[in-house]
Amino acid sequence: MITATQADVRVRPIMPTDNPLIAQVIREVSAEFGLTADKGYTVSDPNLDRLFELYSEANSAYWIVELDGKVVGGGGVAPLLCSEPDICELQKMYFLPGVRGLGLARTLALQAMDFARERGFQRCYLETTASLTRAIKLYEQLGFRHIDGPMGCTGHVDCEVTMLRDL
């Protein structure tokens, strides 16, 4: 098992060569929590193997987390599709077990929201599932509030936890 301190970790923008590496991290973490493709979770996203291209689009960004040159996590932000133009979505925040608990999710979420705010977004949306209790607690601490139902066209039909935050 990988163990690390935040000093051992590097956060950087995604590159084309990261596509298969971050896709594998997302698949591993999804399997760990039982987030299967048949339930509409991220692993069913047709863009999972081309995140660099997806996050190279306007007003989008994705950051890779490395430990000793190995991709161990990441997270991003993009406009929320089929929604009001002032709403972005915090997306694809996944971390291997050895780098959890270091504050990286908090750091990436704040970085993503700063990026979005600088581009004129006024609200940030996210979807997750109730089994990810640590993530939900973090999002609540960051000022996200639970909302009654999904927004936009995310395709994640089994993400029953929907949250929104003013930027």
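Description of the structure in this document. Throughout, residues of each chain are indexed from 1 in the direction in which the sequence is written. In keeping with the predicted nature of the model, local features appear solely for residues at pLDDT of at least 70, side-chain atom pairs appear and are counted solely at 80 or more, and the whole-chain, interface and lining totals rest on all residues. Side-chain measures were taken over the full set of non-hydrogen atoms in the model, leaving aside hydrogen atoms and water.

**Section: the layout of surface pockets**
Note the threshold: Any residue with an atom within 4 Å of a point lines the site, the site being either a cavity, points on a 1 Å grid over the protein atoms alone where a 1.4 Å probe fits but cannot get out, or a pocket, an open set with protein on both sides within 12 Å along at least 5 of 7 lines. Grid points are joined across faces, edges and corners, and a volume is the space filled by probe spheres set on the points. The way it works is that DSSP assigns letters per residue, a run of H or I at least four long becomes a helix, a run of E at least two long becomes a strand, and they are numbered from the N terminus. Side-chain classes follow a simple rule in which Ala, Val, Leu, Ile, Met, Phe, Trp, Tyr, Cys and Pro form the nonpolar group, Asp, Glu, Lys and Arg form the charged group, and the remainder, Gly included, forms the polar group.
In this structure, the largest pocket spans a volume of roughly 790 Å³. Lining the largest pocket are 35 residues, and of these Met93, Phe95, Leu132, Ala135 and Tyr139 lie nearest its centre. Of all the secondary-structure elements, those providing two or more residues to the lining of the largest pocket are strand E4 (87-95), helix H3 (104-118), strand E5 (123-128) and helix H4 (133-141). Split into classes, the residues belonging to the lining of the largest pocket amount to 18 nonpolar, ten polar and seven charged. Estimated volume of the second largest pocket: approximately 320 Å³. Forming the boundary of the second largest pocket are 16 residues, of which Leu54, Ala78, Pro79, Leu81 and Gln91 lie nearest the centre.

**Comments concerning the side chain of glutamate 89**
For the record, the criterion: Nitrogen and oxygen atoms within 3.5 Å of one another constitute a polar contact, given that in protein one can donate a hydrogen and the other can accept it, and given that sequence-neighbouring residues count only through two side-chain atoms. Contacts are assigned to residue pairs with any non-hydrogen atoms lying within 4.5 Å of each other.
Considering the arrangement of structural elements, one finds glutamate 89 in strand E4. One polar contact links glutamate 89 to glutamine 91, side chain to side chain, over a distance of 2.8 Å. Discounting residues that sit within four places of it in the chain, glutamate 89 has contacts with Gly76, Val77, Ala78, Pro79, Leu80, Cys124, Tyr125, Glu127 and Thr154.

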